Amino acid sequence: MLMTQREVEERMYVDGIQRARMSMDQNEEHGEAHRNPYAATVYRDFVLPLAEVIIKDRIPTGPGRYRAHILLLKELDAHTLAYLSVRRVLSKLMERGATMRS
């Protein structure tokens, strides 16, 4: 029996959602959630603001402001540091969430 156009479109829609969910689940299970589509939002909402904080924190603003951690961070790229920090935190949260669901 032939399917109607509407049935074909509905099937494609459902199959597409299932494939996307499976792909995201696999990425999360393998510690690669950063490859999922929602990663752009995470980058915009967390990585960029954290990088700005790191950059601003490196600028001494008065006596006593130049703290020891600045020496450790001054040679590192702020955006890379922010990205790796957020990625690590999210990966750990995803691991904990998977453990808690089991």
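About the thresholds
Residues numbered from 1 in each chain as written. Predicted model: local features only at pLDDT ≥ 70, side-chain atom pairs only at ≥ 80, totals over all residues. Heavy atoms only, no water. Helix = DSSP H or I, 4+ residues; strand = E, 2+ residues; numbered from the N terminus. Buried < 20%, exposed > 50% of the residue type's maximum accessible area, 1.4 Å probe, protein only. Contact = heavy atoms within 4.5 Å. Areas by Shrake-Rupley, 256 points an atom, 1.4 Å probe, with all protein chains shown as cover. Salt bridge = Lys/Arg side-chain N within 4 Å of Asp/Glu carboxyl O. pLDDT = per-residue confidence, 0-100. Expected span 1.5 Å × (residues − 1). Core = buried A, V, L, I, M, F, W, Y, C linked by side-chain atoms within 4.5 Å. Patch = residues over 30% accessible without salt bridge, like charges linked within 9 Å, V, L, I, M, F, W, Y side chains within 5 Å. Bend = angle between axes of the 7 residues up to and from the residue.

Secondary structure assignment for the protein yields four helices and zero strands. Each helix (α) and strand (β) of the protein, taken in turn from the N terminus, gives the series α-α-α-α. Counting every position in the protein, which comprises 102 residues, the buried fraction comes to 14%. Here the contacts in the protein between residues at least 6 apart in sequence split such that 45% fall between residues at least 24 apart. Counting every atom, the protein has about 8400 Å² of accessible surface; 61% of that belongs to carbon and sulfur.

Applying the stated criterion across every chain yields a total of four salt bridges. Close ionic contact of D15 with R11 constitutes a salt bridge, the shortest N to O distance being 3.9 Å. Of this pair, D15 and R11 both sit in helix α1 (residues 5-29), four residues apart, which is roughly one turn of that helix. Its salt-bridge partner being R35, residue E32 comes within 3.0 Å of it at the nearest N-O pair. By relative accessible area, which is 29% here, E32 ends up partly exposed.

Right, let's talk about the confidence of the model for the protein for a bit. The predicted coordinates ought not to be read in detail in places where the model reports low pLDDT. For the protein, per-residue confidence averages 83 on the pLDDT scale, and 85% of positions sit at 70 or higher. When pLDDT is averaged over each helix and strand of the protein, the minimum, 76, is found for helix α3 (residues 68-73) and the maximum, 91, for α1.

Helical periodicity: at 3.6 residues per turn, an α-helix aligns residues three or four positions apart in one direction. For α1, built from 25 residues, the straight-helix expectation of 36 Å at 1.5 Å per residue is met to within 8% by its first-to-last C-alpha distance of 36 Å. Residue G31 follows α1 closely and has a positive phi angle near 70°.

Time to look at the nonpolar core. Counting seven residues, the largest nonpolar core consists of V42, V47, A51, I54, A78, A82 and V86. Per element, the largest residue contribution to this core is four residues, and it comes from helix α2 (residues 39-57).

Judged by side-chain polarity, V89, L90 and L93 come together as a nonpolar surface patch covering roughly 250 Å² of accessible area. Its location among the elements puts L90 in helix α4 (residues 78-101). Owing to a relative accessible area of 35%, L90 belongs among the partly exposed residues under this scheme.

Compared with an ideal rise of 1.5 Å per residue, which puts 19 residues at 27 Å, α2 spans 25 Å between its outermost C-alpha atoms and is within 8% of the ideal. Along its length, α2 shows its largest kink, about 25°, at V47, and proline P49 lies within four residues downstream of that point. Among the residues of α2, A39, V42, V47, A51, I54 and D57 are the ones counted as buried.

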